[in-house]
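As a plain string of letters, each chain reads:
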Amino acid sequence: MSAIPTPTHDAHGHDAHGHGEHGHGDHGKYPFLRHHFDTPAQQFDSAKLGMWVFLATEILFFGALFAMYAILRFKHPEVFEYASHYLDTIMGGINTCVLILSSLTMAMAVYFAQRSKKGPLVFCLFLTLLGAVGFLVIKYFEYTHKFHENLVWGASFYKPVDEEERVIVTTPHQAPATLAEQSTAPDLSPGAASAALVKLPAADASVVKKAALGPGGLAPASGSPEQEAEVKAEEATEKALPHLLDPKMPVNTHQFFAIYYCMTGLHGIHVVIGMGMILWLMWGAMRGRYDGNYYTPVDLGGLYWHIVDLIWIFLFPLFYLIH
Amino acid sequence: MTMPMTFLAADPVGNMPPTFWMPEQASTIAPSVDFTFMVITWISYFFLVLVTALLVWFAWRYRVRGEHAEPVDGPTHGTFIEVTWTVVPTVIVVGIFFMGFKGYLQMNTPPQNAYQIDVTAAKWLWNFKYPNGAQSDDLYIPAGQPVRLVMRSEDVLHSLYIRDFRVKKDVVPGRYNVLWFQADNPTPEGKFHWLFCTEYCGTDHSNMNRKVHVLSEADFNLWVQEQGEWLDKIPEDQLYSKAAPKLFPRCASCHSLDGTPGTGPSWGPSNGLPSIWERTSQGLTKVDGGKPLSDLIGPGKEYETPESYLRASILRPGAHVVDGFANAMPTFQGQLNDRAIDALIGMMRHLDEFDAKGNFKGLDPAKTASR
Amino acid sequence: MPPAAAAEDNYLTHGRGILSWALTLDHKRIGVMYMVAVLISFLVGGVFALLVRTKLLFPGEVSWMTKDQYNQAFTLHGAIMVFLVIIPSIPAALGNFVLPIMLGAKDVAFPRLNLASFYLWLVGAGCAVWALLAGGFDTGWTFYTPYSSTTAYQGVIPVLTGVFILGFSSIFTGMNFVVTIHKLRPPGMGWFRMPLFLWALYATALIQVLATPVLAITLGLLAIERVFHVGIFDPAMGGDPVLFQHFFWFYSHPAVYIMILPAMGIISDIIAVHSHRHIFGYRFIAFSSVAIAIFSFLVWGHHMFTSGQSGLMNVVFSAITFSVAIPSAIKVWNWLATLYRGSISLNTTMLYGLAFIFLFTIGGLTGLHLGTLNTDIHLHDTYFVVAHFHYVMMGSALIAMIGGLHHWWPKMTGRMFNETWGRIGCLLVFVGFNVTFLTQFMLGSHGMPRRYYLYQPEFQIYHHISTGGSYIMALGFVITGIYLLHSLFWGKKAPANPWGGKSLEWQCSSPPPHDNFATTPTVGDPYDFSDLKWDPATGGYATAPADGAKTSRGGH
């Protein structure tokens, strides 16, 4: 194989990054060089281009959701402005910082990999992993808090998801007290509403009879007896679910949460994948796989991690900072 | 009735009959659509013949006659010819685009004074509602007057297509889509124009056809007035026997009368149960996963009488779904008034007086005696 | 696989046993596995097509197929043919085999990703089977919501999962091709020295990489809509079903070009090689591929002229749609000009090439009727559309695939197929195809809607002719299958260069050795055939020694 007289680097010169110009017949010299590449540089450039192409698909993947977001926000601007108040800007802000820091440690990991510094490489990867875990833990608290408040997608936004079970769980003495407390002085400011919400036990859902407050367009022709029954049930629901207490809540508010969970959920999945990738890189780093000659996986992993961060940096203002 | 606005004088010779390519022309925009179609078709003929002739000629003229071919030299590019065959198609398609654009503008701009008919589509029926409250399953329109359909869907996407008018528009749930056309010639006795659903909507998509009748101004006014009142004119004692046969076709796409399985439960005896009235009044039908109706119907229960259960099932079909069937029925709220529902319930009570198609056979002597 | 004809080492004999195939990283073996898988799917999809056509012999109900079964049959036919057959057929099966060899490379840039792509395809196909076991699905291959999010069939989620996974299979292939073409070209092969098939594959790969993620996310959202009722597409919840159509066609229109672009690439190569003369207008053909790829992203709205989207959008989309006609026309003219003064071998492969030009011309010209606003209103969702896209997707893309299969069959298997039977098969497919689908243009223009189980008796005569044609076509495909299988075992041994091609794959033996090339071959103009001579000893073509590595783009 070393007899092959050609592929010089010239054919790829325009893309050359200047890493490792090692000439020909490198297969013996570089155990990591795969048989169909001629030089480590060619292999590195190919991998890097491949990663960029993959990132392009990732961007379009999210791009479709961003387009969906733009369309929904264009159709219901008031919903986005209103519902954004229910998101915890502080938690989101902390998460943004955590991710930016983890991006920094990832960049440092690449730096140390290039310089064959095994210890700092492993340490930086570990810090990055820690950042990812931290991000997910905070996200977990945000999600559970919202599930608790019933700030969810679809029709469930207007009724508890596990209505049936909650009815069973309910302890009768609890509900009336909080109900009275809530219905007497509904504070209309969103902050207060969500503050009051925390006090409200989930058991309050027991008063809810059925899917009641339809979003705009949900209600079919009105006037039937059942509709009236629904209106009554609706009143009951409002007492039970504080975000429904707010008369200022625009119709279709659930749409905001639908796209919120879709986008942050997909981003979360990418963070989880990223954690797996970092673990794999750490394992490889501890076994000394990467050095100044061969650090492609660390480099590509870094690219992936940066794009995950970058997407969050768009998500954060688009959801949390609308007002 | 508003004053008829005639845009184009009625064509004295009637509609263009079907041609090799196109069905009958029965609307005012059909000729322009067909003209565009035929222009494109003739352009296509020309280029297809040209391409095919060159293809066959070259393939034959330059074929290898021996066992194997030797490479030959030929021209590898020609700027002039390349530019020519880039520019010529460009000019042609720009021309075609403008023809289509002009025709589309006409098609897409309903006249202000058009006669409005509200259309509701649902799996798998059409309902047409006229300004005076009259309703019909087939579409009746006045000749020589622009008609505007305001369409909505109860469930999934449908599409209203009247091929002889060359018009089509999707019927989308959650929004009103508008379609307009004008037909100048009344359809002769026994003739009609097909109306098809062209957006796939499930089992009976291909059966979601209706007829379009174009009536002369005077006939239409008469028809629409009569249609608005027919139900009210039927004497109370003949309500189910006269009205139900006219109402039942709307139900027939899903419900049979003879026990044949369909999208919805048959009204006749089926699945080992007696016909709909008996099984309902005796509370035998199982709904919502095994609950017998006797749990729901009776004094102090959700429905006082079997009639109120049946009525509720027509207006809010999803409230309780019969076991073994999907929640597929659209609501008839706003489409069937109380008298119409009474007539249908009357039909269910006297099912043996109807044949399998829903035609009234005559009173059942046994029941008549007891009445 | 054929028994090893000789002891010589080729990719088929390099390693034995099922595992050597299942775990192979060799692009050629992956290409062959893809080809086998795609052809099996084609058979299955074809059976569904025949079932649908046979039902349509009768205007009323038939006892052996209910409405629901019919709806499932055409849905399966569409979904299988689009997602399992046509999209992967040329890039993943033929492209995988040929692309690295054409580049003088040993493999694609990421062989493991390539194998992963194949296994993802298998998982996707498995999901289709799972969908059937779960009760089937009847949504049509377009999965329009709200029907798809409400239908009672439980196979919808499995099939959405399957298409989602197939999307990634397609993305991986596309990524591989983009990088391979960028980074693994041999010295001397500039962009304008690439065979046109590579240009087409490159343009295709770009579409695969850029459009498929949008389909994946759209179908993902549809699945979420169906399971969790999030309400983004549900009008009852303030959502918009037309939004789904926009997102769906943003992928699925480019997907049509994923199907047709590589087909055009194959035809460019077939026409030049079998005319034994330099392709006419290389740069115009190459650039028109890229132009089509770019335009493909801008025309999706023409699937929705009747959806109630704004009139302005309709006008804009109609205008852009016509721009696709121009590069398509350029290609047809250039192919015709290549025939002019050629030395045309009217063999099976070339017959498929000529059939393609005819069928694609019809497909393209009827596209004018559908791109034009006022005629499309009449023709939308009728059999006219069905006929049009069958002319493009089957008459063009699949015919080119079959043509390419014949073109590279000697290279892939090392065997020659029977020319006489080949021509008979091609003729039957060609005649059957036209009988089947020309009549459907008339059905459509007379107003027969698509996806109809029942129809008016006036349409019956057209349906009879159409169904008859489909049987002729099926016979043609059966004959093709038989003689191709026959050739595997009893076919004549193929020479390295049976047709007189100049691109690099014809410079390695048939079948190629495991590593393709012992030494990187010299790269010249892939369409300069002037130094090739017929060599009676091998029964193929060989380079005349004197000319050596001629690199000029001859014939100016």
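Keep in mind that what you see is a predicted model, and the values were worked out from it rather than measured. (Residues numbered from 1 in each chain as written. Chains lettered and ligands numbered in written order. Predicted model: local features only at pLDDT ≥ 70, side-chain atom pairs only at ≥ 80, totals over all residues.)

Asks: Any chance you could explain the overall build of chain C here in plain terms?
Replies: A tally of helices and strands in chain C yields 15 helices and four strands. For 556 residues, the compact-globule formula gives about 24 Å, and the C-alpha radius of gyration of chain C, at 23 Å, lands near that figure. Across its three principal axes, chain C shows a C-alpha extent of roughly 75 × 45 × 45 Å. Within chain C, buried positions represent 69% of all 556 residues. Put simply, 83% of the contacts in chain C that link residues at least 6 apart link residues at least 24 apart. (Helix = DSSP H or I, 4+ residues; strand = E, 2+ residues; numbered from the N terminus. Rg over C-alpha atoms; globule rule 2.2 N^0.38 Å. Buried ≥ 20, exposed ≤ 12 C-beta atoms within 10 Å, placed from the backbone. Contact = placed C-beta atoms within 7 Å.)

Asks: Help me out: how do you make sense of the overall build of chain A in this one?
Replies: Across its full length, chain A holds eleven helices and zero strands. The secondary structure elements of chain A, listed N-terminal to C-terminal, are α-α-α-α-α-α-α-α-α-α-α. Residues counted as buried form 37% of the 323 residues belonging to chain A. Once local pairs closer than 6 in sequence are excluded, the contacts in chain A between residues at least 24 apart make up 79%.

Asks: Any chance you could explain the interface of chain C and chain A here in plain terms?
Replies: When the parts come together, some accessible area is lost, and that loss is often what is quoted as the size of the interface. Residue-level contacts link 36 residues of chain C with 38 residues of chain A. Counting only elements with at least two residues in the side of chain C that touches chain A, the list comes to helix H6 (156-183), helix H7 (196-228) and helix H8 (241-275) of chain C. Sorting elements by how many residues they give to the side of chain C that touches chain A places H7(C) first, with ten residues. Of the residues that constitute the side of chain C that touches chain A, the class distribution is 25 nonpolar, seven polar and four charged. (Nonpolar A, V, L, I, M, F, W, Y, C, P; charged D, E, K, R; others polar.)

Asks: Help me understand the pairing of strand S4 (residues 540-543) of chain C, please; the structure alone is not making it clear to me.
Replies: Regular strands have side chains that alternate between both faces of the sheet. Residues and elements named next belong to chain C. Relative to S4, strand S3 (residues 532-535) is paired through four bridges, and the arrangement is antiparallel. Of the residues in S4, the one forming a bridge with Lys533 is Ala542. Following S3, the chain reverses through four residues before pairing antiparallel with S4; Gly539 in that reversal takes a positive phi of roughly 75°. (Pairing = 2+ DSSP bridges.)

Asks: Looking at this structure, I do not really get the interface of chain B and chain C. What am I missing?
Replies: With 73 residues of chain B in contact, the opposing surface of chain C contributes 82 residues. Put simply, the parts of the chain that give the side of chain B that touches chain C at least two residues each are helix H1 (30-61), helix H2 (79-108), strand S6 (158-162), strand S7 (167-171) and strand S9 (193-197) of chain B. Counting residues per element, the side of chain B that touches chain C draws most heavily on H2(B), which supplies 15 residues. Each residue belonging to the side of chain B that touches chain C can be placed in one class, and the counts come to 39 nonpolar, 22 polar and twelve charged.

Asks: Explain unusual backbone geometry here, please?
Replies: For residues other than glycine, phi is negative in most cases, and the peptide bonds are mostly trans. Of note, the bond from Lys123(B) into Trp124(B) is cis; its omega dihedral lies within 30 degrees of zero at -10°. Inspection of the secondary structure puts Trp124(B) in the loop between strand S1 (115-122) and strand S2 (125-129). A cis amide bond, omega -10°, links Ser510(C) with the succeeding residue Pro511(C). At His229(C), a position not held by glycine, the phi torsion is positive, near 55°. Along the chain, His229(C) turns up in the loop between H7 and H8. In this structure His229(C) comes out as buried when scored by C-beta crowding, with 20 C-beta atoms within 10 Å. Here the phi dihedral of Asn516(C) falls at roughly 70°; this positive angle occurs in a residue that is not glycine.

Asks: For this particular structure, what's the right way to read the confidence of the model for chain A?
Replies: Per-residue pLDDT for chain A has a mean of 72; in total, 65% of the residues score no lower than 70. Low pLDDT, under 50, characterises residues 1-24 of chain A; the predicted model gives this stretch 42 contacts beyond four residues in sequence or across chains. (pLDDT = per-residue confidence, 0-100.)

Asks: Before we go on, may I ask you to explain the packing of helix H2 (residues 27-55) of chain C against helix H15 (residues 460-490) of chain C in this structure?
Replies: Geometrically, a packed helix pair is captured by the angle between its two axes and the distance between the axes. All names here are of chain C. It is the contact of H2 with H15, at a shortest axis distance of 9 Å, that shows an interaxial angle of 155°. As judged from the angle between their axes, H2 and H15 are roughly antiparallel. For H2 against H15, the interelement crossing comes out left-handed. On H15, the residues touching Gly46, Ala49, Leu50, Arg53 and Thr54 of H2 are Ser466, Thr467, Ser470, Ala474 and Phe477. (Axes fitted to C-alpha atoms, helices over the stretch in contact; angles between N-to-C directions. Parallel < 35°, antiparallel > 145°, perpendicular 65-115°, else oblique. Left-handed = near helix turned anticlockwise from the far one by under 90°.)

Asks: Which parts of the structure should I look at to understand the nonpolar core?
Replies: Core analysis: the biggest nonpolar cluster contains 323 residues, and Met259(C), Ala263(C) and Ala397(C) have the highest contact counts within it. Broken down by element, this core gets its largest block of residues, 23 residues, from H7(C). In this view, Ala263(C) contacts Ile90(C), Ser396(C), Ala397(C), Ala400(C) and Met401(C); residues no more than four positions away in its chain are not counted. In terms of nonpolar packing, the next biggest core, distinct from the first, is built from 29 residues, Tyr240(B), Ala243(B), Leu344(B) and Met347(B) among them. (Core = buried A, V, L, I, M, F, W, Y, C linked by C-beta atoms within 7 Å.)

Asks: Where do I start with the sheet that holds strand S5 (residues 145-153) of chain B in this structure?
Replies: Within a sheet, each strand pairs with its neighbour through backbone hydrogen bonds, oriented either parallel or antiparallel. All names here are of chain B. Spatially, five strands are ordered S3-S2-S1-S5-S8 in an open sheet, and the strand pairing comes out mixed. Two strands lie at the open edges of the sheet, namely strand S3 (135-136) and strand S8 (177-183), each paired on one side alone. As paired strands, S2 and S3 are joined by two bridges and run antiparallel to one another. Looking at the pairing, Lys129 lines up with Gln135 of S3.

Asks: Can you help me understand the confidence of the model for chain C in this one?
Replies: The predicted structure's coordinates, where accompanied by low pLDDT, should not be read in detail. Residues and elements named next belong to chain C. Across chain C, the average pLDDT comes to 90, with 96% of residues at or above 70. Per-residue pLDDT stays below 50 along residues 1-7; that stretch engages in nine contacts with residues further than four places along the chain or on separate chains. This model gives residues 547-556 a pLDDT under 50, and the stretch forms 21 contacts once residues within four places in sequence are excluded. Listed scores for the predicted complex are pTM 0.83 and ipTM 0.91.

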